[in-house]
Amino acid sequence: MKQYTMKLDNTRQRPVVILNNGLTALLDTGAYIPVWTDDEDILISEMGAELVKKDVPLSGFGGCTHGNLYQVSIDIGGILYPNMHVIANNDINATFNLILSATMFEGLIYQIDTVNHVLNVEIPDGESNVRNLRVVNEEGRLFVLCSAA
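About the cut-offs
Residues numbered from 1 in each chain as written. Predicted model: local features only at pLDDT ≥ 70, side-chain atom pairs only at ≥ 80, totals over all residues. Heavy atoms only, no water. Helix = DSSP H or I, 4+ residues; strand = E, 2+ residues; numbered from the N terminus. Buried < 20%, exposed > 50% of the residue type's maximum accessible area, 1.4 Å probe, protein only. Polar contact = N/O pair within 3.5 Å; in protein donor to acceptor, adjacent residues only side chain to side chain. Contact = heavy atoms within 4.5 Å. Phe/Tyr/Trp six-rings, centres within 6.5 Å; stacked < 30°, edge-to-face > 60°. Pairing = 2+ DSSP bridges. Axes fitted to C-alpha atoms, helices over the stretch in contact; angles between N-to-C directions. 1 Å grid on protein atoms, 1.4 Å probe; cavity = no way out; pocket = protein on both sides within 12 Å on 5 of 7 lines; lining within 4 Å. Points joined across faces, edges and corners; volume = space filled by probe spheres on them. Nonpolar A, V, L, I, M, F, W, Y, C, P; charged D, E, K, R; others polar.

Let us now look at the side chain of asparagine 120. By secondary structure assignment, the location of asparagine 120 is in strand β10 (residues 118-123). Judged by relative accessible area, asparagine 120 falls into the buried class, the value being 12%. Within the structure, asparagine 120 has its side chain in polar contact with the side chain of glutamine 3 (distance 3.2 Å). Those residues in contact with asparagine 120 that sit more than four places away from it in its chain are Gln3, Tyr4, Thr5, Ile109, Tyr110, Gln111 and Asp113.

This paragraph deals with the packing of aromatic side chains. Within this structure, the stated rule accounts for one aromatic pair. Judged by centre distance (5.4 Å) and plane angle (50 degrees), the ring pair of phenylalanine 105 and tyrosine 110 falls under tilted. Phenylalanine 105 gets classed as buried once you look at its relative accessible area, which sits at 2%. With relative accessibility at 31%, the residue tyrosine 110 sits in the partly exposed group.

As summarised here, the arrangement of the three strands in space is β1-β10-β9, forming an open sheet in which the pairing is antiparallel. Strands with a single pairing partner mark the edges of an open sheet, and in this sheet they are β1 (2-7) and β9 (109-113). Taken over all neighbouring pairs, the strand axes of this sheet differ in orientation by 15 degrees on average, direction set aside. The sheet contact formed by β9 and β10 spans five bridges and is antiparallel. Paired with aspartate 113 across the strands is valine 118, a residue of β10.

Across the sheet, which stays open at both edges, the seven strands sit in the order β2-β3-β8-β4-β7-β6-β5 with mixed pairing between neighbours. Two strands bound the open sheet, and with one partner strand each, they are β2 (16-18) and β5 (50-59). Where strand β3 (residues 24-28) lies against strand β8 (residues 98-101), four bridges are found, and the strand directions are parallel. Following the sheet pairing, aspartate 28 is matched in β8 by serine 101.

Approximately 160 Å³ is the volume attributed to the second largest pocket. If you go around the second largest pocket, you meet 10 residues; those closest to its centre are Thr103, Glu106, Asn132, Arg134 and Val135. When the residues that make up the lining of the second largest pocket are grouped by side-chain class, the tally is five nonpolar, two polar and three charged.

It is worth spelling out the pairing of strand β6 (residues 64-76) at this point. As judged from the seven bridges shared by β5 and β6, these two strands associate in the antiparallel manner. Counterpart to serine 59 in the pairing with β6 is cysteine 64. Looking at chain direction, β6 and strand β7 (residues 79-88) are connected through eight bridges and run antiparallel. Looking at the pairing, tyrosine 70 lines up with valine 86 of β7. Hairpin geometry of β6 and β7 is characterised by an intervening segment of two residues between the two adjacent antiparallel strands and by a positive phi of about 60 degrees at glycine 77.

Just distances and angles here, no functional claims.
So, in structure tokens, the structure goes:
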């Protein structure tokens, strides 16, 4: 089993991960899709994101809103997500850059350690640190394939 440990921002009550590039990301255990909450120009210029589709629906922020769908490769503490889709919305008022969805950690063991201010993620033997985001509906049917390696 491989373990990855990421620092949490100890000034916040919610699990906000400090990423290698100085950006921050909230781990949202109720989220299906990762969401970029900062300026889309940063996502494009600093993260190398490419626009896939404009004005896609997004729910979960007190109702339904819309954002732009981007494809981007992201490194979360050594766990790699190549060509993953994220939805960006400049209107979300957040103090972090990204929302990490629970689906990003499917098949992994993760622990939010608020005593030591770390997020521990274990990858079981036989699993890779290169991950593909897969989202299924409540019946287990694949309804979004968010990245391909």
